[in-house]
Amino acid sequence: MDLMRDREEISKKLNIGSEVLYLTKQECSNIGITTDRVLELVKEALVAHGKKEYEMPAKIGVHPFSDVFFHAMPAYVPSKKAVGMKWIECYPQNPKKFGIPQTTGLLILNDVLSGCPMAIMDCTWLTAMRTPAVTVLAAGELHPDAETFGMFGCGVQGVEHVRFIVKSLKKLKKIYIYDVVEAAMNHLIETIQPVVDVPIIKGKNPHELAEHCEVLSSATIITKDTLSVVKDEWVSKGQTILPCDLNTFWDPRITKRADKYIVDSIEEHELFDKMGYFPDGLPNIVCETGEILAGVKKGRTSKDELIVCSNIGMSVCDVVMGREIFDIALNNNIGKIIPL
Ligand SMILES: NC(=O)c1ccc[n+]([C@@H]2O[C@H](COP(=O)([O-])OP(=O)(O)OC[C@H]3O[C@@H](n4cnc5c(N)ncnc54)[C@H](O)[C@@H]3O)[C@@H](O)[C@H]2O)c1
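Conventions we followed
Numbering of residues starts from 1 in every chain and runs along the sequence as written. With pLDDT at 70 or above as the cut-off, local features in this predicted model cover only qualifying residues; side-chain atom pairs require 80 or more to be listed or tallied, and sums for whole chains, interfaces and linings still use all residues. The basis for every side-chain value is the complete set of non-hydrogen atoms in the structure, without hydrogens or water. We call a set of buried residues a nonpolar core when its members are Ala, Val, Leu, Ile, Met, Phe, Trp, Tyr or Cys and they connect through side-chain atoms within 4.5 Å of each other. We call a residue buried when its accessible area falls under 20% of the maximum for its residue type, exposed when it is over 50%, and partly exposed in between, using a 1.4 Å probe and counting protein chains only. Helix and strand assignments come from DSSP, with helices taken as H or I runs of at least 4 residues and strands as E runs of at least 2, each series counted from the N terminus. The split of the chain into domains comes from an automatic or database domain assignment. Throughout, a residue-residue contact means that at least one pair of heavy atoms, one from each residue, lies within 4.5 Å. Only strands that DSSP links by at least two bridges are regarded as paired with each other. The term buried area refers to how much accessible surface (probe radius 1.4 Å) is lost by two components on association, counted for both of them together. Counted as salt bridges are all cases of a side-chain nitrogen of Lys or Arg within 4 Å of a carboxyl oxygen of Asp or Glu. N or O atoms closer than or at 3.5 Å make up a polar contact, with two conditions inside protein: a donor-capable atom paired with an acceptor-capable one, and, for residues adjacent in sequence, both atoms drawn from side chains. The axes used here are C-alpha line fits, helices contributing only the stretch in contact, and every angle between their N-to-C directions lies in the interval 0 to 180 degrees. Should an angle fall under 35 degrees it is called roughly parallel, over 145 degrees roughly antiparallel, and 65 to 115 degrees roughly perpendicular, with every other angle called oblique. Two helices cross in a left-handed way if the nearer one is turned anticlockwise from the farther one by less than a right angle. They cross in a right-handed way if the turn is clockwise. Expected helix span is given by 1.5 Å per residue-to-residue step, counting one fewer step than there are residues. Stacked, tilted and edge-to-face are the three classes assigned to paired rings of Phe, Tyr and Trp, where Trp is represented by its six-membered ring and a pair needs centres within 6.5 Å; plane angles under 30 degrees give stacked, over 60 edge-to-face, the rest tilted.

Moving on to the nonpolar core. Grouped together as the largest cluster of nonpolar side chains are 79 residues, with contacts concentrated most on Ile175 and Phe326. Ranked by the residues each element gives to this core, the list is headed by helix H5 (residues 124–142), at 11 residues. Residue-level mapping places this core at the junction of two domains, with at least three residues from each of domain 1 (3–126 + 316–339) and domain 2 (131–314). Each residue touching phenylalanine 326, except ones within four places of it in the same chain, is listed here: Ile10, Leu14, Leu21, Leu109, Met118, Ala119 and Met121.

What follows covers the pairing of strand S3 (residues 69–77). Every other side chain in a regular strand lies on the same face of the sheet, so the side chains alternate between the two faces. Relative to S3, strand S2 (residues 60–62) runs antiparallel, the two being bridged by three bridges. Among the inter-strand pairings, isoleucine 60 is bridged to a residue of S3, identified as alanine 72. Where S3 meets strand S4 (residues 82–90), nine bridges bridge the pair, whose relative direction is antiparallel. Pairing of alanine 75 across the sheet is with glycine 84, part of S4.

The next subject is the domain arrangement of the chain. Think of interface size as the accessible area that goes away when the parts come together; that is how it is often given. By domain assignment, the chain separates into domain 1 (3–126 + 316–339) and domain 2 (131–314). A C-alpha centroid distance of 25 Å is found between domain 1 and domain 2. With 26 residues of domain 1 at the interface, the matching set in domain 2 holds 28 residues. Together, the buried faces of domain 1 and domain 2 total about 2,400 Å²; carbon and sulfur atoms form 67% of this surface. Contact with domain 2 buries surface across domain 1, with Leu39, Leu46 and Lys59 losing the most and accounting together for 25% of the total. One can count four salt bridges joining domain 1 with domain 2. Taking the shortest distance from any N to any O, the salt bridge between aspartate 36 and lysine 167 comes out at 3.4 Å. Seen at the junction of domain 1 and domain 2, the total is nine residue pairs in polar contact (both at pLDDT 80 or more). Only helix H3 (35–50), S3 and helix H12 (315–331) provide two or more residues apiece to the side of domain 1 that touches domain 2. Residue contributions to the side of domain 1 that touches domain 2 peak at 10 residues, all from H3.

Strand order across the open sheet formed by seven strands is S2-S3-S4-S5-S6-S1-S15, with mixed pairing between neighbours. Among the strands making up the open sheet, the edge pair consists of S2 and strand S15 (336–339). Pairs of neighbouring strands in the sheet enclose a mean axial angle of 20 degrees, with direction left out of account.

Each pair of packed helices can be summarised by the angle the axes make with each other and by the distance between the axes. For the pair H5 and H12, the least separation of the axes is 10 Å and the interaxial angle reads 125 degrees. Relative to H12, the element H5 is oriented oblique. For the pair H5 and H12, the sense of crossing is right-handed. Note on element contacts: H12 touches H5 through Cys317, Asp318, Met321, Gly322 and Ile325, opposite Trp125, Leu126, Thr127, Met129, Arg130 and Val134.

On to H12, then. For H12, spanning 17 residues, the distance from its first C-alpha to its last is 24 Å, which sits close to the expected 24 Å at 1.5 Å a residue. Judged by how many residues are buried, H12 sits mostly within the fold: 14 of 17 residues are covered. In the stretch just after H12, asparagine 333 is the one whose phi turns positive, near 55 degrees.

Our next topic: the packing of aromatic side chains. Using the criterion set out here, one finds eight aromatic pairs in the structure. Summarising the aromatic geometry, the rings of phenylalanine 69 and phenylalanine 272 are spaced 6.3 Å apart at their centres and angled 70 degrees between planes, so their arrangement reads as edge-to-face. Highlighted residues: phenylalanine 69 in strand S3 and phenylalanine 272 in helix H10 (residues 266–275), separated in sequence by 203 residues. Under the relative-accessibility criterion, phenylalanine 272 is labelled buried at 1%. Measuring from centroid to centroid gives 4.8 Å for phenylalanine 152 and phenylalanine 249, while their planes differ by 45 degrees, and the two rings are tilted. With phenylalanine 152 in strand S7 (residues 148–152) and phenylalanine 249 in the loop between strand S11 (240–243) and helix H9 (252–257), this pair connects stretches of sequence that are 97 residues apart. The pair formed by phenylalanine 152 and phenylalanine 249 is uniform in burial state, with each residue classed as buried. Among the aromatic side chains, those forming a connected cluster through ring pairs are Phe65, Phe70, Trp87 and Tyr91.

Written out as structure tokens, the structure reads:
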């Protein structure tokens, strides 16, 4: 559908230029997009990124306190007619201090032809979905025959990572999880074990996961200080590590000695490096995750390679997800149309 026809279709329901569709967190999460569809959409976004068919400047941000950030994340993905911006914060102390999530935010979706805002939606659900989708799509490319997966951090992202991982690692026999908060591990198992056939095992400590699992991911906290929870000597050749919390959780020597250090966006990682999030220096980057998904670059080329694939989050995935949520909501009269 060309841009003009697309706009005409939308205009049957929404007066572009004088109205916007507002969608709450609950409306977004109940929209009916399946895990399989999330994977399709995120793959399309990653492939567009890998083929350089997108516009996405690195995140800019403001920082009211030293350990927090707000990010403005604009993107345009022409193949999906998706243009907009996510405005998201990360306040790591929110759960402890206020009993609320560390990450909240909004996504604004615009009309490509006129630029007018068409929708404002909560972005928590789409972020919770697109992040594990990137990890598991990468895992499927880099380590498709893995039998063991380990997840560090059992919060919003950890839960969804475990839900998603079985979609791409079809030979999994065991999933190990670890969190400093016992209740978070229990919650993950209660929520996900009923929908995932692979046994989910509570790890006793990070060492156990690092030793037992071929593929590992982490979704804990992002800080400028390196926590080095997983020690270099626990990690071996042949493993695949997929952090979505930068390098905070891992001994920096792991990424430095990895045979391949792959990232979702080189620009984003260079920006975080400049902000001080890689105190030991940014490792040498070989390529981007989307390039592997698009078949432009090779992922794993030998069983012995230690691969680290760091995905810090890209707005190309957000606007593609946002556009799908918007289309479904508009067609099904979900949400509230409000004047501009
Ligand atoms: N890459 C991306 O696109 C992306 C997107 C969203 C969130 N994130 C990041 O993912 C991380 C997790 O986000 P979330 O929304 O799931 O947060 P959350 O607060 O819901 O969960 C984090 C979990 O990590 C656990 N944890 C903290 N320190 C730990 C440690 N040392 N060892 C083990 N467990 C530990 C906490 O107890 C908590 O259960 C954050 O750093 C966030 O910034 C990344």
